[in-house]
Amino acid sequence: MIDYIKLASSKSKGKRPYFHNDPAVERVLNITMAVAGELAVMRERMDTIERLLEKKGLVSQEEIDNYIPETKEEETQRQTWHSEYISRVLRIVQQEMEELENPDKTIAEIANDINKM
Amino acid sequence: MAAKNLPPVWNKIAKHAMLPETNHDERARYNFLSNLNKHLAHVSQGNKVAFEKRVEPTFVKNNGRAIASVDELGEAISKDSHYQIWSSLRRSTMEMRQQAGRSIVLRQAEELRDKAEKLNKGKSTLVLDPNCKVPEYLLAVDNHLMPGSYHTELIEGDVTPAANYDSGIFVTTAGLLGRFNDGGGKAIASWVKKTYTDFAPKRILDIGCGMGHNVLPIAKAFPDAEVIAIDTGAPMLRYAHARAIDLGITNVTFMQMDAAMTTFENESFDWIQSTMFFHETGGKSIYKIMKEIHRILKPGGLTLHIEQPQYTNDMSLFEKFIRDWDALNNSEPYWSKMHDIDPKELMVSSGFKEEDFMQIGAKAENDLDDGSQKADEPEDHGRSPIWNVFGAIKN
């Protein structure tokens, strides 16, 4: 059996072109676009589920579109999910702010410190 | 209200026994990529605006003169933020298309191999030659970023390069080649039938046939002809033959052979065709292949080649530059060299007479075209199904 997961993502021949001044931008953009693609895949899957539910008479798309949280608890659960999700996605921004507020030593420096402890 | 110019969903692709199995999310991934391709064709229009409004004026201001060459233009535009984001998104999209296709076909490599073997078994219309060498120009690059190109076999009897190509070209072209991805072959078959009403070719050769998508409409249009399709990639030929058999087309023999040195007799074909082939060859081979075509074409025989448009003197530097983008960044490097060759000179130096040279335009025949894919869409230079056809009748 071939390693189909690794082979699927193989590089093609020739040096890869980079278009941004900093290759890191290119790298992050490529990862972001892959995630954007997977979000689209998930959205299509949700769409399939909704349509199947409607065809089977379980839930209509209209019911889904018109749904609003009915209790305080449901409201809180939803908003908590959004809050956690955004915090996860923007993790690096938060960490850069923390670093800015509290300039830190490098781990190599800490290693030197610990070596003396 | 319906949105304009939506690409067809992937499941509109024509089904046949060799088409890889796909699950829900794999089809969804292809749908995303078709739409992304289409979207980026619009984003591409911003390159011209950025060039005219920012890149060129800045260059003139700094240098006191106009941009003088495609290279100078490339250097200047490479610093423009719109060009940068469009380029990186387009490159990324093409890499994702390969990844998506390969992740579908590699997981079922053995099943696809078995399906092909079953359909191909005992048939004299598939002739593989283990001594056929893959030409250097194909070993040097993975055309259109397809890792391993057309020839690499990950397992014995592999057909995955072709299965990836077949399922993915529908995404790359956003379905503009029709359900069988055969819009090029259909267009040329129709043109030949309409233009040469008495033409009844007995033997037809298709060179660089790949997975056979463009030769089948020709074989169907001339069912009494003996059609031979050659390629150097064994995986492509195995798949092409199995696909043709499943689609009920039996007058094509698929043979593993280098077009520059075929084993065919002098003057043995009535029609020799290639479709989007020459721009994936090489600077010396293109002449060898054309000489070979001249050798094996009968007097009075027809040869036609569907290709990307040539560069003309009235084409702006910007247009030349943007047409070269795909050649260099979607890894079809010989395309960036081939447009400097005059097809008439190519044919005349290979033995054809100057007065016999012909050049026409062709547009894909698309069985999915319901009028919702408008002609006023921006032309996407890398994927547009609008081509140049050159050729000759040998006299």
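The rules we used
- Residues numbered from 1 in each chain as written.
- Chains lettered and ligands numbered in written order.
- Predicted model: local features only at pLDDT ≥ 70, side-chain atom pairs only at ≥ 80, totals over all residues.
- Heavy atoms only, no water.
- Helix = DSSP H or I, 4+ residues; strand = E, 2+ residues; numbered from the N terminus.
- Rg over C-alpha atoms; globule rule 2.2 N^0.38 Å.
- Buried < 20%, exposed > 50% of the residue type's maximum accessible area, 1.4 Å probe, protein only.
- Contact = heavy atoms within 4.5 Å.
- Salt bridge = Lys/Arg side-chain N within 4 Å of Asp/Glu carboxyl O.
- Patch = residues over 30% accessible without salt bridge, like charges linked within 9 Å, V, L, I, M, F, W, Y side chains within 5 Å.
- Areas by Shrake-Rupley, 256 points an atom, 1.4 Å probe, with all protein chains shown as cover.
- Lys, Arg positive; Asp, Glu negative; His and termini not counted.
- Charge placed at Lys NZ, Arg CZ, Asp CG, Glu CD.
- Buried area = accessible area lost by both parts, 1.4 Å probe.
- Polar contact = N/O pair within 3.5 Å; in protein donor to acceptor, adjacent residues only side chain to side chain.
- Pairing = 2+ DSSP bridges.
- Axes fitted to C-alpha atoms, helices over the stretch in contact; angles between N-to-C directions.
- pLDDT = per-residue confidence, 0-100.
- Phe/Tyr/Trp six-rings, centres within 6.5 Å; stacked < 30°, edge-to-face > 60°.
- Lys NZ or Arg CZ within 6 Å of the ring centre and 35° of its normal.

## Considerations on the overall build of chain B
When helices and strands are tallied, chain B shows 13 helices and eight strands. A globule of 395 residues ought to have a C-alpha radius of gyration of about 21 Å, and chain B, at 21 Å, matches this closely. Along the three orthogonal principal directions, the C-alpha set of chain B runs to about 70 × 55 × 45 Å. Taking all 395 residues of chain B together, the buried fraction comes to 62%. Counted over contacts in chain B with a minimum sequence separation of 6, partners at least 24 positions apart contribute 82%.

## Points about the pattern of salt bridges
This structure, assessed with the given rule, holds 26 salt bridges over all chains. Put simply, Arg-88 of chain A and Glu-84 of chain A hold a salt bridge, and the shortest N to O gap is 3.5 Å. Of this pair, Arg-88 of chain A and Glu-84 of chain A both sit in helix α4 (residues 72-89), four residues apart, which is roughly one turn of the helix. Judged by its relative accessible area of 54%, Arg-88 of chain A is exposed. You can call Glu-84 of chain A partly exposed: its relative accessible area is 41%. In the salt-bridge network here, residues are joined through shared partners; they are Arg-16 and Glu-26 of chain A together with Arg-91 and Glu-95 of chain B.

## Examining a negative patch on the surface
Residue and element names in this part refer to chain A. Taken together, the side chains of Glu-54, Glu-62, Glu-63 and Asp-65 present a region of like negative charge at the surface. The element best represented in the negative patch is helix α3 (residues 61-66), accounting for three residues. One can find Glu-54 in helix α2 (residues 23-55). Taking relative accessible area as the criterion, Glu-54 reaches 35% and is therefore assigned partly exposed.

## Some words on the interface of chain B and chain A
Taken together, the contact between chain B and chain A spans 38 residues of the former and 28 residues of the latter. Taking both partners together, chain B and chain A bury about 2800 Å²; carbon and sulfur atoms supply 60% of that area. The three residues of chain B that bury the most area against chain A are His-24, Phe-32 and Gln-84 of chain B, which together make up 18% of that side's buried surface. The salt bridge partner of Glu-38 of chain A is Arg-29 of chain B, with a shortest N-O separation of 2.8 Å. There are 13 residue pairs in polar contact (both at pLDDT 80 or more) connecting chain B and chain A. When contributions to the side of chain B that touches chain A are tallied by element, the ones reaching two or more residues are α1 (24-63), α3 (81-106), α4 (109-120) and α11 (317-329) of chain B. Among the elements that take part in the side of chain B that touches chain A, α3 of chain B stands out by supplying 15 residues, more than any other.

## Focus: the sheet that holds strand β3 (residues 226-231) of chain B
All names here are of chain B. The strand order β1-β4-β3-β2-β5-β6-β8-β7 describes an open sheet built from eight strands, whose pairing is mixed. The open sheet is flanked by β1 (126-127) and β7 (357-363), the only strands paired with a single partner. Judged from the two bridges that link them, β1 and strand β4 (residues 252-256) form a sheet pairing that is parallel. In the strand pairing of β4, Leu-126 is matched with Phe-254. Against the sheet, helix α7 (residues 183-195) contacts β5 (269-275), β6 (297-307), β7 and β8 (386-393), and its axis sits at roughly 140° relative to β6.

## Some details on unusual backbone geometry
Residues and elements named next belong to chain B. Positive phi values are uncommon outside glycine, yet Leu-145 reaches one of about 60°. Tracing the backbone through its elements, the reader meets Leu-145 in the loop between α5 (136-139) and α6 (160-172). Residue Leu-145 is classed as buried on the basis of its relative accessible area, which comes to 3%.

## Quick look at the pairing of β5 of chain B
Residues and elements named next belong to chain B. Taking burial as the measure, the seven residues of β5 include seven buried ones, the bulk of the element. Bridge count for strand β2 (residues 203-207) against β5 is four bridges, and the pairing is parallel. Along β5, the bridge assignment pairs Asp-206 with Gln-273. Note: β5 against β6, six bridges, orientation parallel. Bridging from a neighbouring strand, Ser-274 pairs with His-305 of β6.

## Comments concerning the pairing of β8 of chain B
Each regular strand shows side chains that alternate between the opposite faces of the sheet. Residue and element names in this part refer to chain B. Across the eight residues of β8, six count as buried, placing the element largely inside the fold. Two strands pair when backbone bridges link them, and β6 and β8 are joined in this way by six bridges, in the antiparallel orientation. Bridge assignment links Ile-306 to a residue of β8, and that residue is Val-389. With seven bridges connecting them, β7 and β8 associate as antiparallel partners. Within the sheet, the bridge partner assigned to Gly-361 lies in β8 and is Asn-388.

## Points about the confidence of the model for chain A
Per-chain confidence: chain A averages 90 in pLDDT, with 100% of residues scoring 70 or above. Element-level pLDDT for chain A is lowest in helix α5 (residues 91-101) of chain A, with a mean of 83, against a maximum mean of 95 in α2 of chain A.

## So, the packing of aromatic side chains
Pairs of aromatic rings are described using the distance from one ring centre to the other and the angle between the two planes. Considering all chains together, one arrives at 17 aromatic pairs over all chains under this definition. Considering the side-chain rings of Trp-81 of chain A and Tyr-85 of chain A, the 4.9 Å spacing of their centres and the 10° angle between planes classify their relative orientation as stacked. With a gap of four residues between them, Trp-81 of chain A and Tyr-85 of chain A both fall in helix α4, about one helical turn apart. An angle of 85° between the planes, with centres 5.8 Å apart, marks the rings of Trp-191 of chain B and Tyr-196 of chain B as edge-to-face. A residue is classified by how much of its surface remains accessible, and Trp-191 of chain B, at 19% relative accessible area, is buried. For Tyr-196 of chain B, a relative accessible area of 23% translates into the label partly exposed. Each residue in the set Phe-19 of chain A together with Tyr-83, Trp-86, Phe-321 and Trp-325 of chain B is aromatic and connected to the rest through ring pairs, giving one cluster. One residue, Lys-193 of chain B, lies across the ring of Phe-222 of chain B, its end atom 5.0 Å from the ring centre.

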